[in-house]
Amino acid sequence: RFHRTSTSHLCSCSKTVSDEKYQDPFQLGRRDLKNLYEDIKKELLVSTAELKEMCDYYFDGKGKAFRPMIVVLMARACNIHHNNSREVQASQRSVAIIAEMIHTASLVHDDVIDDANSRRGKMTVNQIWGERKAVLAGDFILSAASVALARIGNTTIISVLTQVIEDLVRGEFLQLGSKENENERFAHYLEKTFKKTASLIANSCKAVSILGCPDPKVHEIAYQYGKNVGIAFQLIDDVLDFTSCADRLGKPTAADLKLGLATGPVLFACRQFPEMNAMIMRRFSKPGDVERARKYVLQSDGVQQTTYLAQRYCHEATREISKLRPSPEREALIQLTEMVLMRDK
C-alpha cells in the first residue's frame, strides 16, 4: 500500500514553524543531557581495565546522543502537557541513559554479526579487541542498563523497556531471513526496521510519558511519535547507504548490499528491474551482484520512493505529537522530523 501511491499524493511533512517558535532540538535537549556520558560511565563501573577501555571507546561523548535527546524532549513535552511542569524527573533522565546504553550494546553486537570494520568514523570494537571480547562488552553494557532499569523501581517501565531488548533480537533474526513474495518482502522489511531501530525510540518515549503523565492517550501519542520517527530515521539511513560517501557516513557505503540485505531502495528498484529478484534471493552473493544491484538502484526511483516513504512516517509523527499541548519541546520534536529527513550522515 505504500509503494503504489503516486508521488502527487505524498504529503511532505514540512511544517512551517515561525521564528519565535523554532527550537533547535539539540540546543533545547542539551541542558538535560549534560554529563550524559559521564553518568553512563558511572553505570559501567568495572574492575577489568580492558573492559573499561572498551566501554570508554564507544561512550566517548562524540556521538550526537540522538535517542537520549528525543527521550528528554518527550519527557518535557509530556510533563508540560500534564501539569505544566518544566522539570525532567530523575527517573525520566535515567530512561534516556538506559536507551543510549541499550542502543550502544546493540551496535557492538551488530558489528560482530556483520563483521564491520568501522563505525562512527573509527574502527569497531571487534576489529581492535576481537569478536569474543566485543560480544562480552555488549553483554556487559546491556547488563548494566538492566541494573539501571531495575533501580527506577517501576514494573511497568521495566516491562516497556525490556520489550526493546526482545525486539532487537527478533529484528536481527528477521534480518537473517527473506521473503520471496514482493508484498511479504516489504512487510518483512518494515517489521525488521521497527524492531531493530524504531522500537527503542518508541518504547523509550512511552516510558517517559508513563512516568510524567497518567493519561494512556498521551502514552500512545509518545509511542506513535517514537515509532514513526524511528522508522523514518532508518529509511533515510538506508537511502544514505546509496547516496552518501563513506567519509560522511562514518562507515562504508553499499554496506547493506555487501551484507546481503535488501533495504527500501532495493525493494523499490526491484519493481522496475525484476532481474534483481534473483539477486535478492541469493543475498547478492555472486561476484558482481553488489555492483549491479547498486547500479540498478541508482538508475531507478528507489532512493526517491524510500525518501517519500520516510516523509510519510515523519508526517504521521508530526500529526501525533501535535495532539500535545503547545510547548518549546513539542515544537522541537516537530522540528526533529525535518532534521531526520534532511540529514546526510
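The rules behind each value
Here the residue index of a chain counts from 1 through its sequence in written order. For a predicted model such as this one, the threshold for reporting local features is a pLDDT of at least 70, and the threshold for listing and counting side-chain atom pairs is 80 or more; totals across whole chains, interfaces and linings nevertheless cover every residue. In computing side-chain properties, one takes all heavy atoms of the structure into account and sets aside hydrogens as well as water. Where helices and strands are cited, they refer to DSSP runs of H or I of at least four residues and of E of at least two residues respectively, numbered from the N terminus. Taken over C-alpha atoms, the radius of gyration is set against a globule rule of 2.2 Å times the number of residues to the power 0.38. We call a residue buried when its accessible area falls under 20% of the maximum for its residue type, exposed when it is over 50%, and partly exposed in between, using a 1.4 Å probe and counting protein chains only. Throughout, a residue-residue contact means that at least one pair of heavy atoms, one from each residue, lies within 4.5 Å. Accessible surface is estimated by sampling points in the Shrake-Rupley manner with a 1.4 Å probe; for residues, cover comes only from the protein chains shown. Only four residue types enter the charge count, namely Lys and Arg as positive and Asp and Glu as negative; His and the chain termini do not. Charge positions come from single atoms, namely NZ of Lys, CZ of Arg, CG of Asp or CD of Glu. When two rings of Phe, Tyr or Trp (its six-membered ring) have centres within 6.5 Å they constitute a pair, described as stacked for plane angles under 30 degrees, edge-to-face for angles over 60, and tilted for the intermediate range. Placement of a charge over a ring requires the Lys NZ or Arg CZ to be within 6 Å of the ring centre, with the centre-to-atom vector within 35 degrees of the ring normal. For salt bridges, the criterion is a side-chain nitrogen of Lys or Arg within 4 Å of an Asp or Glu carboxyl oxygen. Lines fitted to C-alpha atoms define the axes here, with helix axes fitted over just the stretch in contact, and angles between the N-to-C directions of these axes take values from 0 to 180 degrees. Under this scheme an angle from 65 to 115 degrees is roughly perpendicular, one under 35 degrees roughly parallel, and one over 145 degrees roughly antiparallel; angles in between are oblique. Whether a crossing is left-handed or right-handed is set by the direction in which the near helix is turned from the far one by less than a right angle, anticlockwise for left-handed and clockwise for right-handed. Confidence scores labelled pLDDT are given residue by residue by the predictor and lie between 0 and 100. Any helix carries an expected span of 1.5 Å times its number of residues minus one. The reported arc concerns the directions from the helix axis to the C-beta atoms and nothing else.

Some details on the overall build of the protein
Scanning the protein from terminus to terminus reveals 17 helices and two strands. Relative to a compact globule of 345 residues, whose C-alpha radius of gyration would be 20 Å, the protein shows 20 Å and is just as compact. Each of the three principal axes of the protein carries a C-alpha extent, and together these read 55 × 55 × 35 Å. The burial tally for the protein puts 55% of its 345 residues in the buried class. For the protein, restricting intrachain contacts to residue pairs at least 6 apart in sequence, the fraction spanning at least 24 positions comes to 74%. As displayed, the protein offers around 15,600 Å² of accessible surface, 51% of which is attributable to carbon and sulfur atoms. Across the protein, the 48 positively charged side chains and the 43 negatively charged ones have centroids separated by 2 Å.

Details of the packing of aromatic side chains
Applying the stated criterion to the full structure yields seven aromatic pairs. One aromatic cluster is present, built from ring pairs that chain together Y57, Y58 and W129. Geometry around F233 places R67 over its ring, the cationic atom sitting 5.3 Å from the centre. K122 extends its terminal NZ or CZ atom over the ring of Y57, reaching a point 4.0 Å from the ring centre.

Digging into the pattern of salt bridges
The full count for this structure, using the stated rule, is 20 salt bridges. In this structure, K196 engages E172 in a salt bridge whose closest nitrogen and oxygen atoms are separated by 3.0 Å. With a gap of 24 residues between them, K196 in helix α9 (residues 182-212) and E172 in helix α8 (residues 155-176) connect regions that are remote in the sequence. Side by side, K196 and E172 carry an identical accessibility label, which is buried. A salt bridge links E331 to R330, with the shortest nitrogen-to-oxygen separation between them at 2.9 Å. A single burial state applies to E331 and to R330, both of which are buried.

Re the packing of helix α10 (residues 216-243) against helix α17 (residues 328-342)
Packing of α10 against α17 brings their axes to within 9 Å, and their N-to-C directions diverge by 20°. Comparing their axes, α17 and α10 come out roughly parallel. Of the two elements, α10 crosses α17, and the hand of that crossing is left-handed. From α10, Y225, V229, A232, F233 and I236 reach across to α17, where they touch L333, L336, T337, V340 and L341.

Here's the deal with the confidence of the model for the protein
Per-residue pLDDT for the protein averages 90, and the proportion of residues at 70 or more is 92%. Mean pLDDT in the protein bottoms out at helix α11 (residues 246-249), which sits at 63, and peaks at helix α16 (residues 302-321), which reaches 98. Here residues 1-20 is a poorly scored stretch, pLDDT under 50, and it has 36 contacts once near neighbours within four places are set aside; other chains count.

What to know about helix α7 (residues 131-152)
Helix length check: α7, at 22 residues, gives a terminal C-alpha distance of 32 Å against a target of 32 Å (1.5 Å per residue), a fit within 8%. Three or more residues of α7 are buried, namely A134, A137, G138, I141, A144, A145, A148, L149 and I152. For α7, the buried positions fall inside an angular range of 145° around the axis, keeping them on one side. With respect to the buried face of α7, the exposed residues turned more than 90 degrees away are R132, L136 and R151. Close packing links the buried residues of α7 with α2 (36-43), α3 (49-58), α5 (90-114), α6 (125-129) and α8.

Let's talk about the side chain of K192
Here K192 lies in helix α9. One buried charge, K192, has no salt-bridge partner; the nearest side chain with opposite charge is D238, at 5.1 Å. When neighbours within four sequence positions are excluded, K192 is seen to be in contact with G171, L174 and Q175.

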